[in-house]
Amino acid sequence: MATIVLPVVPRRAFDLRGRRSRSAIAVREAAIAVIVLFFAIPAFADTTPEQYRSIVDGSIENYLRPEFAKLEVETAALVPAVESLCAAPSFESLGEVRSAFGKVVLAWSRVEYARLGPVIVDHRLERFSFWPDPKGIGLRQVQSLLADKDESATDPATLADKSVALQGLQALEFVLFGTGSEDLAGGEAFRCAYAAAIARNLDAIAGDIVAGWNDEAGYVALMRNPGPDNPVYRAPEEPVGDIVEILTTGFQFIRDVKIGAFVGENPKKANPKRAAFWRSGLAIDAIAANFAGLEALFEASGLVPVIETRPGGAGFVGSVRFEFKSAGESFDEGFPPVVEAVAVPAEHSRLIYLFIVANTLWKYFTEDISAALGLRTGFNALDGD
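Residues numbered from 1 in each chain as written. Predicted model: local features only at pLDDT ≥ 70, side-chain atom pairs only at ≥ 80, totals over all residues. Heavy atoms only, no water.

Observations regarding the side chain of Arg65
Then comes step 1: Residue position: Arg65 is located in helix α2 (residues 49-87).
Then comes step 2: Residue classification places Arg65 among the buried positions, given a relative accessible area of 15%.
Then comes step 3: For Arg65, the side chain forms a polar contact with the main-chain oxygen of Trp213, separated by 2.8 Å.
Then comes step 4: In contact with Arg65, other than residues within four places in its own chain, are Ile60, Trp213, Asn214, Glu216, Val220 and Arg224. (Helix = DSSP H or I, 4+ residues; strand = E, 2+ residues; numbered from the N terminus. Buried < 20%, exposed > 50% of the residue type's maximum accessible area, 1.4 Å probe, protein only. Polar contact = N/O pair within 3.5 Å; in protein donor to acceptor, adjacent residues only side chain to side chain. Contact = heavy atoms within 4.5 Å.)

Considerations on the nonpolar core
Then comes step 1: Ranked by size, the top nonpolar core spans 112 residues in total, and within it Phe68, Leu78, Tyr194, Trp213, Phe291, Phe298 and Leu373 carry the most contacts.
Then comes step 2: Ranked by residue count, the leading element in this core is helix α8 (residues 189-214), at 14 residues.
Then comes step 3: Ignoring sequence-local partners within four residues, the contact set of Phe68 consists of Tyr63, Val111, Ala114, Val119, Ile209, Val210 and Trp213. (Core = buried A, V, L, I, M, F, W, Y, C linked by side-chain atoms within 4.5 Å.)

Digging into the pattern of salt bridges
Then comes step 1: Tallied over the entire structure, the rule returns 21 salt bridges.
Then comes step 2: With a closest N to O distance of 2.9 Å, Arg321 and Glu299 form a salt bridge. Residue Arg321 is located in helix α13 (residues 313-332), and its partner Glu299 is located in helix α11 (residues 283-300); the two are separated by 22 residues in the primary sequence.
Then comes step 3: Residue Glu299 is classed as partly exposed on the basis of its relative accessible area, which comes to 36%.
Then comes step 4: A salt bridge links Glu333 to Arg350; the nearest nitrogen and oxygen atoms lie 3.5 Å apart. Of this pair, Glu333 sits in the loop between α13 and α14 (338-341) while Arg350 is found in helix α15 (residues 345-372), placing the two residues 17 residues apart along the sequence.
Then comes step 5: The exposure class of Glu333 is exposed, given its relative accessible area of 61%.
Then comes step 6: Assessed through its relative accessible area of 15%, Arg350 is described here as buried.
Then comes step 7: By sharing partners, the salt bridges in this structure join Arg53, Asp57, Glu61, Arg65, Glu216 and Arg224 into a single network. (Salt bridge = Lys/Arg side-chain N within 4 Å of Asp/Glu carboxyl O.)

What to know about the state of the cysteines
Then comes step 1: In this structure the tally under the stated criterion is one disulfide.
Then comes step 2: Here Cys86 pairs with Cys192 through a disulfide, and the sulfurs are 2.1 Å apart. Sign of the S-S torsion, about -100° for the bond between Cys86 and Cys192, identifies this disulfide as left-handed. Within this pair, whereas Cys86 is found in helix α2, its partner Cys192 is found in helix α8, the two being separated by 106 residues in sequence.
Then comes step 3: The buried category is assigned to Cys192, whose relative accessible area is 4%. (Disulfide = S-S within 2.5 Å.)

Details of α13
Then comes step 1: In this model, α13 (20 residues) spans 28 Å end to end at C-alpha, consistent with the 28 Å of a helix rising 1.5 Å per residue.
Then comes step 2: Gly313, Val317, Val320, Glu323, Phe324, Ser326, Ala327, Ser330 and Phe331 are the residues of α13 that are buried.
Then comes step 3: Along its buried surface, α13 packs onto α10 (237-263), α11, α12 (303-307) and α15.
Then comes step 4: Within two residues after α13, Gly334 carries a phi angle of roughly 90°, on the positive side. (Expected span 1.5 Å × (residues − 1).)

Looking at unusual backbone geometry
For residues besides glycine, phi is generally negative; the peptide bonds are generally trans as well.
Then comes step 1: The peptide bond linking Trp131 to Pro132 adopts the cis configuration, its omega dihedral lying at 5°.
Then comes step 2: Its location among the elements puts Pro132 in the loop between α4 (124-128) and α5 (137-148).
Then comes step 3: Although it is not a glycine, His123 adopts a positive phi angle of roughly 60°.
Then comes step 4: By the element assignment, His123 lies in the loop between α3 (91-111) and α4.
Then comes step 5: In this structure His123 comes out as partly exposed when scored by relative accessible area, which is 41%.
Then comes step 6: At Phe277, a residue that is not glycine, the phi angle is positive and equals roughly 65°.
Then comes step 7: Relative to the assigned elements, Phe277 resides in the loop between α10 and α11.

Right, dumping it as structure tokens:
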């Protein structure tokens, strides 16, 4: 049986695999508690190094590289859109920027939980997306910067040295959708220059992540070549453990933070302004992209053919696919913006259902599928929470 512990974890301090150090775990500054599962599961004798390697290769080639490349495409498109708005302000061009921003958010949401390797170097994760922010630290910093018109924030080079809360998607969302954002259509120069700097910063970070995953001599080499001299992965199953952890962390985060933090037990107890991207109306669309990205990893990684060779594996795969299909059908029906959705009992119930689906998928991966692959689950880092 698993022993469930509820520690409070810090926001930062990672090792190369994106996991908390023991000293960091002791720091009491995080916003949420995470579940830690300790249970030893004997490795199945028929889980071969070649099968583990097939999952690693599939994850890199079919998920990590192409999905982050798609993110870079969207960040690259955001830059000229913002620059065009600054050069020729109008409500039409503001609408184009907002649309481009939405595409970046959805592309990011598909890879949001791949929190290892190139993603966590130089605080790229927090610089790209500083969330959750339960104390509103980032919001206050952005509002202060806009009020003071700090010109150093309009240069991507100097912006990159500032607080991570000023650099990423959440900061740009407030600039584009928050109080005073309509002034962008009227030519508010400083606000637009700051938006352009954030856009270029996001594009630079995305480019660095893509380059990192394409570098065969970098983190990819560590994942592909586990062994006694490898500083990160000593055994063939360890990089696969990190790949499965993308899924377990993702479903736990969706359940506890993306949905659980705002939905409440009933509409009266809901707090939609705790949802990520509520200002831009993208909160539920981002969660849909979370599910879609995790499903893409499951299907593209090579996990399925290996799991299906295990006792009960075909049943596990079928159950996971059923849950993904159920979530997809719910999203396909459409939701109103989260502020409206939580106020309507029927829509609120549908959000609770997605919470349950995320929990069910989390259980499948932490218990059945991890066991079938001969993995041991441990700290679920929830990097960046």
